Structure formats: structure tokens, C-alpha cells
Amino acid sequence: MSVTIKTDGTTAALPKRPLYKALTRGWRCKCPACGEGKLFSAYLKVNDICPTCGEELFHHRADDAPPYITILLVGHILVGLLLHLEMVWSIPPFAYLLTLVPLAVVLPLLLLPPIKGAIVGLQWANYMHGFDPYNKDD
Ligand SMILES: [Zn+2]
């Protein structure tokens, strides 16, 4: 059970939502509640409601967290790869241009939707923002 504080100061118990399941469903770009409905209507546009179960998804406030986490991950992957390539093999600088630069473009584009989905799942599972039925902030 999760406990929330209502706007009138009293508390209410909410059923516990499975965090890991919500994170993995979000990572797969599926609704964190049912795992079946599509989370996104476009590349990074979250559906207002789940087309399968009707869960309200517009309460999410992912904001800058997905790009921040994506940049953090991609930066570590590329810097590690760059250092490894530089220390193990001596490849010409033009090879970096042909490999790491496209990777620096493609990796964030591939990682952004699943990371945003996981953030939405995290917020849903923890009743954050408007996902809390007693504290609608929008
Ligand atoms: Zn759903």
C-alpha cells in the first residue's frame, strides 16, 4: 500500500503498483498499467489515455529527465568506446568521423523513447504528479 496525503490533510491508502513491471513496460513503450496499449502516439508524444485500458497517461511530467539520462548514457558509451579505440588500436581520425559521429546521432534517437517510457512508468508506479487520484495537479 502507498499512502497519500489528500488536499484536505487526511491520508488515504492507494494500492501498491509494481515498479519494476511499470519500468519495463515503459521501456518497451507500452502502457505502464496494462502493458498492452501503445504509450506513444508519435516519436516522443505520450498518448493522453491508453488506447487499450483507458489509463490516463497525460499526467506524466517527464520533462528533461529522458534527454538528461540519454545524454549521460550515450556520453559514457561513446567516451568509453573512443578511449578503448584510441588505446587498443591506432585508427585514423577519419574513421572516428565515420563511426562515432553517426553513433552519436543514432544512439540518442534510439534510446530516447524507451527512457521516456521508463520515466513515465516510474511516475505512474509511484503515483507522482497527476497519477495520484487524490492530488491531481492538472
Ligand atoms: Zn493501458
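Conventions and cut-offs
Sequence positions are assigned chain by chain, starting from 1 and proceeding in written order. Predicted model: local features are reported for residues with pLDDT of at least 70 only, side-chain atom pairs are reported and counted for 80 or more only, and whole-chain, interface and lining totals are derived from all residues. Excluding hydrogens and water, the side-chain values take into account all heavy atoms of the structure. Strands are runs of DSSP state E lasting at least two residues, helices are runs of H or I lasting at least four, and both sets are numbered from the N terminus onward. Helix span, expected: 1.5 Å multiplied by one less than the number of residues in the helix. Think of it in three bands: with a 1.4 Å probe and only protein chains considered, a residue is buried below 20% of the maximum accessible area for its type, exposed above 50%, and partly exposed in between. Residues belong to one nonpolar core when they are buried, are Ala, Val, Leu, Ile, Met, Phe, Trp, Tyr or Cys, and are joined through side-chain atoms within 4.5 Å. Residue contacts follow a heavy-atom distance rule, with two residues in contact if any of their heavy atoms lie within 4.5 Å. Here a donor is an N, O or S atom found within 2.8 Å of the metal, or within 3.2 Å if the metal is Na, K or Ca; sites may look incomplete because water is not among the atoms. Square planar and octahedral assignments, for four and six donors respectively, both demand that opposite donors be over 155 degrees apart and that all other angles lie between 65 and 115; tetrahedral needs four donors with all angles between 85 and 135 degrees, and anything else is irregular. Only the stretch in contact is used when a helix axis is fitted, and all axes are lines through C-alpha atoms; the angle between N-to-C directions ranges over 0 to 180 degrees. Should an angle fall under 35 degrees it is called roughly parallel, over 145 degrees roughly antiparallel, and 65 to 115 degrees roughly perpendicular, with every other angle called oblique. Less than a right angle of anticlockwise turn of the near helix away from the far helix marks a crossing as left-handed, whereas a clockwise turn marks it as right-handed. Gly is placed with the polar residues, together with every amino acid not listed as nonpolar (Ala, Val, Leu, Ile, Met, Phe, Trp, Tyr, Cys and Pro) or charged (Asp, Glu, Lys and Arg).

**Notes on helix 2 (residues 65-88)**
- Between its first and last C-alpha, helix 2 extends 34 Å over 24 residues, near the 34 Å set by a 1.5 Å rise per residue.
- Buried within helix 2 we find Pro-66, Thr-70, Val-74, Leu-78 and Leu-85.

**Here's the deal with the nonpolar core**
- Ala-22, Cys-31, Leu-39, Phe-40, Val-46, Cys-50, Leu-57, Val-120, Trp-124, Ala-125 and Phe-131 form the largest nonpolar core, which has 11 residues in total.
- In terms of residue count, helix 3 (residues 93-125) provides more of this core than any other element does, three residues in total.
- Ignoring anything within four residues of it in the chain, the contact list for Cys-50 reads Cys-31, Cys-34, Gly-37, Glu-55 and Leu-57.
- Counting eight residues, the second-largest nonpolar core is a separate cluster that includes Tyr-96, Leu-100, Leu-107 and Leu-111.

**Re unusual backbone geometry**
- Positive phi is not limited to glycine here, since Cys-29 has a value of about 60 degrees.
- Assignment of secondary structure puts Cys-29 in the loop between helix 1 (19-27) and helix 2.
- We classify Cys-29 as partly exposed; its relative accessible area is 22%.
- The phi angle at Asp-63 is positive, at roughly 50 degrees, despite the residue not being glycine.
- As for its position among the elements, Asp-63 is in the loop between helix 1 and helix 2.
- For Asp-63, a relative accessible area of 58% corresponds to the exposed category.

**What about the coordination of the zinc ion?**
- Surrounding the zinc ion are the protein donor atoms Cys-31 (SG), Cys-34 (SG), Cys-50 (SG) and Cys-53 (SG), which sit 2.2 to 2.4 Å from the metal.
- Around the zinc ion sit four donor atoms; with metal-centred angles ranging over 106 to 113 degrees, the donor geometry is tetrahedral.
- Every donor residue of the zinc ion comes from the same chain, spaced as C-x2-C-x15-C-x2-C. Here Cys-31, found in the loop between helix 1 and helix 2, pairs with Cys-50, found in the loop between helix 1 and helix 2; they are 19 residues apart in sequence, far enough to count as distant. Here Cys-31 matches Cys-50 in class, with each residue buried.

**Let's talk about the packing of helix 1 against helix 3**
- Two elements in contact, helix 1 and helix 3, have axes whose closest approach is 6 Å; the angle formed by their N-to-C orientations is 150 degrees. As the angle between them shows, helix 1 and helix 3 are arranged roughly antiparallel. Relative to helix 3, the crossing made by helix 1 is right-handed. Contact residues: helix 1 offers Leu-19, Ala-22, Leu-23, Gly-26 and Trp-27, while helix 3 offers Leu-111, Pro-114, Ile-115, Gly-117, Ala-118, Gly-121, Leu-122, Trp-124 and Ala-125.
- Across the contact of helix 1 with helix 3, the residue classes break down as 11 nonpolar, three polar and no charged.

**Notes on the environment of Leu-109**
- Counting through the fold element by element, Leu-109 comes out in helix 3.
- For Leu-109, a relative accessible area of 46% translates into the label partly exposed.
- Separated by 10 residues in sequence, Leu-109 and Ile-119 place their C-alpha atoms 16 Å apart.

**Remarks on the environment of Ala-12**
- Among the structural elements, Ala-12 can be located in strand 2 (residues 11-14).
- Remark: the alpha-carbon pair of Ala-12 and Ser-2, spanning 10 residues in sequence, is separated by 8.4 Å.

**Digging into the side chain of Asn-47**
- Within the element layout of this structure, Asn-47 appears in the loop between helix 1 and helix 2.
- Residues within four places of Asn-47 in sequence aside, it is in contact with Lys-38, Leu-39, Phe-40, Ser-41, Leu-57 and Phe-58.

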